[in-house]
Each structure stands twice: as C-alpha cells, then as structure tokens.
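Now for the letters of each chain:
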Amino acid sequence: MSMIRRILALDGVNVICHFRDDGYLLEGYGLMGRDDMVRLAQFAHDYRRMIQGNADQLAMFTGMRGWTPPHGWVVRGAVQSVCGVGNLVCIVEGADAPMNEILLELREISHW
Amino acid sequence: MATLDELMRLPAAMAAFEFRGSGELLDQRIAYPERINETTLDLLAHMCAANMSIATMQARGWEKVTAMKGFYPIQEFTLVGFDWSVVVSGFRREQLKNEDKTSLPPLMGVVLGNEKADYEAAFAVLEGQEPIP
Amino acid sequence: MSIVTDLLAKPGVVAAGEYAYRGDRFSYRGALTEEHARMASIMCRATTMGVNMEGKMLEVFQPRSGLQPPRGWVVHGADYTVCVMANVFCMLDNARASINDIVGFMRQTMANAPSDLI
C-alpha cells in the first residue's frame with residue numbers, strides 16, 4: 001500500500017495527491033475524481049513554484065535567512081483548506097482539523 | 001476618473017470592469033458576451049488583483065534595494081495574453097490615498113484585442129489624462 | 001542581431017536581458033549593475049511563473065479565451081516600465097520610450113518562443 005494513504009487516516013483529510021516535479025499526478029487517494037486530482041496536482045505544482053518565487057524575492061529584498069526554500073504552504077478557507085509540502089498536496093475539511101499533525105506528517109512523508 | 005464607457009471606446013476594447021482591491025467584480029461592460037462573460041471577468045479581476053499586489057511588493061522591494069525610484073506605486077499591470085490583453089489600474093485610488101481620502105474608488109480594468117491594442121491610450125484613460133473623443 | 005541588442009537600440013530602453021525559466025542563468029545589457037540585473041531576472045521569472053499558472057486556471061474555467069497562453073506582462077510605474085515577453089525582459093524610461101512600440105516589437109519577435117520550458 002502506498003505510504004501517502006496514511007495521511008488519509010488523519011482527521012479532516014479528504015484527498016491526498018503525489019505529483020512529479022513537472023506537476024504530473026503520480027497517485028491520488030480520497031474523495032475526488034481522477035480528473036480533479038490531475039488539476040489539483042497541477043495547481044499544487046504551479047502554486048509551489050509561485051510561493052518559491054515569492055519567498056526568493058522576500059529573502060532577496062530583506063536579506064533575511066530562513067524563508068527559502070519554503071517547505072510548504074496552506075490556503076485556509078472557511079470549510080476547506082489546501083496544504084502542499086514538497087510534491088504532496090492534500091485537501092482538509094473542517095476548521096478543527098489537526099493542522100499541525102497533518103503538516104508534520106506531510107513533511108515526513110515528502111522526504112521519502 | 002475614467003468611466004467604463006470611456007474604456008470601452010478604446011481600440012479593440014472587449015470588456016471593461018471595476019473591481020475591489022480584494023478582487024471582487026463590481027461593475028462591467030462587455031462588448032462580446034459570447035467571448036467573455038461576467039463570471040470570467042470576475043475570475044480575471046481576482047487574478048489582476050493578485051498581480052497588482054505582487055507587482056507592488058516587487059516595486060517596493062526593488063526601490064528599497066536599488067534606490068531606483070519610479071515604480072511604486074504601480075500605476076498599471078498588463079497581462080499580454082495570446083490574443084487579448086488585460087490592463088488594470090489603481091492609479092486614481094493611489095492618488096486619493098495620497099490625499100488622505102478614506103473613501104477610495106475601485107480599481108479599473110479593460111480587456112483589449114492584441115492586434116489593435118493601444119496600451120498607452122489605455123494607460124492615459126485609466127489615469128484620467130485624456131478622455132477618448 | 002539579438003532581440004536584446006535590438007531593444008537597447010530603441011529610445012528609452014534602460015536595460016534588457018534574458019533569463020532562463022529554470023532560474024539558473026541570466027544575461028543582460030544596459031544601465032543596471034550585475035546584482036540588480038540578477039534581481040530583476042528573479043522577479044521577472046517569478047511573475048512569469050505566476051501569470052502562467054493563472055492562465056492555466058483561467059483555461060480550465062473558460063476554455064479558448066484569448067488570454068491563454070500568456071505571452072508576457074507589463075508593469076507600468078510613474079517613471080519606469082518593465083515589459084516581459086517569454087524569457088526576455090526590458091526596462092523602459094517612460095519619458096522617452098514608446099510602450100506600444102516595445103510591446104509590439106517584443107510580441108512579434110517572441111511570437112514563436114517555446115513555452116514548454118516554463
């Protein structure tokens with residue numbers, strides 16, 4: 001069984017996808033159709049590059065260390081949130097989802 | 001301040017719109033409803049708000065680091081697409097901010113066909129310099 | 001002549017250059033220091049990545065809109081303007097440059113620039 005499926009066991013996680021460095025969906029699990037997972041993977045890939053670009057600029061303008069390379073990002077909505085770490089992206093539902101645990105788990109699995 | 005109708009008089013204007021700094025579409029004029037609709041304009045307005053914010057961050061950082069003034073505040077951001085361009089401006093808004101006005105007008109934008117797009121005229125109208133006859 | 005040389009010959013062009021989409025290289029000519037040109041190339045690359053992501057999202061939302069794929073973008077300040085088409089950037093002095101000429105020239109010259117490396 002794929003290791004990324006264990007993320008789905010965490011409260012609130014509805015979808016988890018693993019994508020290649022070019023945004024191609026390698027595997028995805030959860031409550032979402034394949035076509036939407038392909039779009040989610042592409043979005044997460046593009047969004048990661050955009051965040052990376054912004055973090056690079058922040059570091060460049062401020063001279064501060066510690067921002068780059070960014071480990072991940074979270075876009076938090078009222079009901080749904082999207083989290084990306086490395087080549088993984090997941091959709092989390094609910095304001096009380098254990099975000100710390102989800103991010104730690106994503107970070108650990110993204111290193112494998 | 002430019003009006004949507006003035007913007008629609010620009011060469012190859014396909015749509016003109018007003019939007020909040022946070023991206024919500026407030027008002028619009030559409031010349032070709034079969035090619036661009038209100039829902040697309042709303043997404044476009046959100047996209048343009050994001051680009052204005054990023055360009056503003058870049059101008060701020062650039063001016064601080066290089067001491068080369070003249071970018072901040074951003075007057076217009078233009079996306080040159082494959083066949084169309086979109087030009088958005090917060091010029092009047094920034095002017096009024098400088099005058100300490102608390103009630104600020106919306107940002108404005110215009111979608112133009114690339115072949116006949118006159119970017120300088122679009123900037124001039126958006127900056128309220130010269131109304132199109 | 002390269003597009004950068006052509007651009008520099010136009011009135012009001014302060015500097016022009018190219019950056020690699022991969023972010024590992026850049027070249028430029030004009031009135032910028034090497035360090036500032038490096039910063040400009042980082043900023044231009046970041047914005048190009050951003051508008052390409054937005055273009056793809058717009059395409060899902062409204063297929064075959066005339067905006068996708070993006071050719072480039074322009075940031076217009078009070079005194080200076082930055083024009084970027086594909087992986088070429090150009091900084092203009094507003095008082096002397098014609099933005100229409102520069103955008104038209106860059107759009108035409110870069111019309112067939114490949115976008116698969118973005």
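Refer to the structure above for everything that follows.
The structure presented is a predicted model; accordingly, all values stated were derived computationally and were not measured.

J.: I keep staring at the environment of Cys90(C) and nothing clicks. Help me out?
T.: All names here are of chain C. Along the chain, the position of Cys90 falls in strand E5 (residues 88–93). With 46 residues separating them along the chain, Cys90 and Cys44 place their C-alpha atoms 9.9 Å apart. Every residue in contact with Cys90, bar those within four places of it in the chain, is listed here: Leu7, Val13, Ala16, Cys83, Ile102 and Met106.

J.: Would you explain unusual backbone geometry in this entry?
T.: For residues that are not glycine, phi is negative in most cases, and the peptide bond is trans in most cases. Pro69(A) follows Thr68(A) through a cis peptide bond whose omega is -10°. Here Pro69(A) is to be found in the loop between helix H1 (34–62) and strand E3 (72–76). Cis geometry is found at the peptide bond from Tyr72(B) to Pro73(B), where omega equals -5°. Note on placement: Pro73(B) falls in the loop between helix H2 (38–66) and strand E3 (76–80). At Ala67(B), a residue that is not glycine, the phi angle is positive and equals roughly 65°. With respect to the helices and strands, the residue Ala67(B) is situated in the loop between H2 and E3. For Ala67(B), a count of 7 C-beta atoms within 10 Å translates into the label exposed. Within the chain, Ala86(C) stands out as a residue other than glycine whose phi angle is a positive 50°. Turning to its location among the elements, Ala86(C) is positioned in the loop between strand E4 (80–85) and E5.

J.: Before we go on, may I ask you to explain the sheet that holds strand E4 (residues 80–85) of chain A in this structure?
T.: Working definition: the strands of a sheet are paired by backbone hydrogen bonds and lie parallel or antiparallel to each other. All names here are of chain A. Across the sheet, which stays open at both edges, the five strands sit in the order E2-E1-E5-E4-E3 with antiparallel pairing between neighbours. Across the chains shown, the open sheet's two edge strands, defined by having one partner strand only, are strand E2 (25–30) and E3. Taking the axes of each pair of neighbouring strands and ignoring which way they run, one obtains an average angle of 10° across the sheet. Sheet analysis places strand E1 (residues 13–19) next to E2, joined by five bridges and oriented antiparallel. Each bridged residue has a counterpart across the sheet, and for Ile16 the counterpart in E2 is Tyr29. Packing against the sheet, H1 makes contact with E1, E2, E3, E4 and strand E5 (88–93), and its axis sits at approximately 70° to E1.

What counts, and where the lines are drawn
Residues numbered from 1 in each chain as written. Chains lettered and ligands numbered in written order. Predicted model: local features only at pLDDT ≥ 70, side-chain atom pairs only at ≥ 80, totals over all residues. Helix = DSSP H or I, 4+ residues; strand = E, 2+ residues; numbered from the N terminus. Contact = placed C-beta atoms within 7 Å. Buried ≥ 20, exposed ≤ 12 C-beta atoms within 10 Å, placed from the backbone. Pairing = 2+ DSSP bridges. Axes fitted to C-alpha atoms, helices over the stretch in contact; angles between N-to-C directions.

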